[in-house]
Amino acid sequence: MLDPPPDTPQTVGSQLPERAGSPAVERDQLVAFYDDSYAREGEQALLYSRWRALGAQGKADHVIELCSRAGIMPSSTLEVGCGDGALLCELRRRNFGGGVHGVEITQAAVKIASERAEIDSVELYDGQHLKDADGAYDLGIVSHVLEHVPDPATLLAEVARACRAVVVEVPLEDNLSARRGGKREHAEQVGHLQRLSRESARAMVSQAGLRVAGELEDALPLKVHRFFADTPARNAAAVGRWGVRRGLRLLAPPLARRLFTVHYACLCLPRS
Ligand SMILES: C[S@@+](CC[C@H](N)C(=O)[O-])C[C@H]1O[C@@H](n2cnc3c(N)ncnc32)[C@H](O)[C@@H]1O
């Protein structure tokens, strides 16, 4: 699955299907949609893989920073919705997370991830129920998944059942830029069912019976903004956009959140 950063040209070919009545049919349609996103070949597959690897660097920074602040050094990690396994590989490369495991709803992603030697296991699951015992893992990760699911709090509660601490990362898309028609279409095309604000992300954590023990925001580094810039003009625009967003995020975080999409990551622990 390829989630472009805010304001990049659309590069995903498949469209999210019209949602059809029964939850089982809807789930099948969503799985087929994500499967298609991972089943690219040749140049396109390589480009997507590089894009995911680049995104994984920032995501790993966030996981490690949030865990370090809380003194968590996991000896086992489960990523729910691990996609092609880019984040788990990045964590393993940095020697963080202990045994790293993933589950996914799409066969195409499981196939890519399970061929990566850095990952200890990857399994297909039904998108709702983990087979693991309560507290089986030190750390759970749900990275850029909850905005894709119809009932995010229930999925998060299930992850928290199996994992003693959970890092969640989502894009905050409840902002003026993301509300524009083209941007809304774009978010739908990459499968986003939720448009979150920081408040609604926190509320979702609370609905899952958890508390936010640490949080951070990221307006994304320059190399992410420039990744799809294939002309000098687009490159200049990407550099300008990065500079403005970085400055605003540092100087006036609430205004930045109101104007454009930032990525929000939080460490969730049981409330009691
Ligand atoms: C944008 S990708 C994120 C992949 C990876 N976590 C990362 O951060 O690079 C979204 C992923 O969510 C997965 N997904 C969608 N619904 C899911 C569910 N109910 N449970 C687990 N994964 C799900 C999709 O198959 C897709 O791989």
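Quantities reported herein were computed from a predicted structural model and do not represent experimental measurements. (Residues numbered from 1 in each chain as written. Predicted model: local features only at pLDDT ≥ 70, side-chain atom pairs only at ≥ 80, totals over all residues.)

Moving on, we get to the overall build of the protein chain. When helices and strands are tallied, the protein chain shows 10 helices and seven strands. Here the protein chain has a C-alpha radius of gyration of 18 Å; the compact-globule value for 272 residues is 19 Å, and the two agree. For the C-alpha atoms alone, the extent of the protein chain along its principal axes is close to 50 × 40 × 40 Å. Within the span of the protein chain, comprising 272 residues, buried residues form 41% of the whole. (Helix = DSSP H or I, 4+ residues; strand = E, 2+ residues; numbered from the N terminus. Rg over C-alpha atoms; globule rule 2.2 N^0.38 Å. Buried ≥ 20, exposed ≤ 12 C-beta atoms within 10 Å, placed from the backbone.)

Moving on, we come to the nonpolar core. The biggest cluster of nonpolar side chains holds 63 residues, and the ones touching the most others in it are L156, V166 and V168. Considering each element in turn, this core owes the most residues, seven residues, to strand β5 (residues 163–172). (Core = buried A, V, L, I, M, F, W, Y, C linked by C-beta atoms within 7 Å.)

Below, the discussion takes up helix α2 (residues 42–69). A rise of 1.5 Å per residue sets the reference length of α2, with its 28 residues, at 40 Å; its end C-alpha atoms lie 41 Å apart and thus fit the reference within 8%. Of all the positions in α2, only W51, R52, G55, A56, K59, A60, H62, V63, L66 and C67 are classed as buried. Backbone geometry just after α2 places G71 at a positive phi near 70°. (Expected span 1.5 Å × (residues − 1).)

Now for the sheet that holds strand β1 (residues 76–80). In spatial order, the strands read β3-β2-β1-β4-β5-β7-β6; together these seven strands make up an open sheet with mixed pairing. Each having just a single partner strand, β3 (121–124) and β6 (210–218) make up the two edges of the open sheet. For this sheet the average axis-to-axis angle between neighbouring strands, irrespective of direction, equals 20°. Relative to β5, strand β4 (residues 137–143) runs parallel, the two being bridged by six bridges. Paired with L139 across the strands is A165, a residue of β5. Relative to strand β2 (residues 99–104), helix α3 (residues 86–93) is tilted by about 175°, and along the sheet it contacts β1, β2 and β4. (Pairing = 2+ DSSP bridges. Axes fitted to C-alpha atoms, helices over the stretch in contact; angles between N-to-C directions. Contact = placed C-beta atoms within 7 Å.)

Once that is clear, we can look at the site of the ligand. Around the ligand sit 23 residues, and of these Y34, G81, G83, G127 and S143 come closest. For the shell around the ligand, the elements supplying multiple residues, two or more each, are α2 and α3. Element by element, the count of residues in the shell around the ligand is highest for α2, at three residues. Within the shell around the ligand, the residues separate by chemical class into 11 nonpolar, eight polar and four charged. (Near = placed C-beta within 6 Å. Nonpolar A, V, L, I, M, F, W, Y, C, P; charged D, E, K, R; others polar.)

Nothing here speaks to function; it is all geometry.
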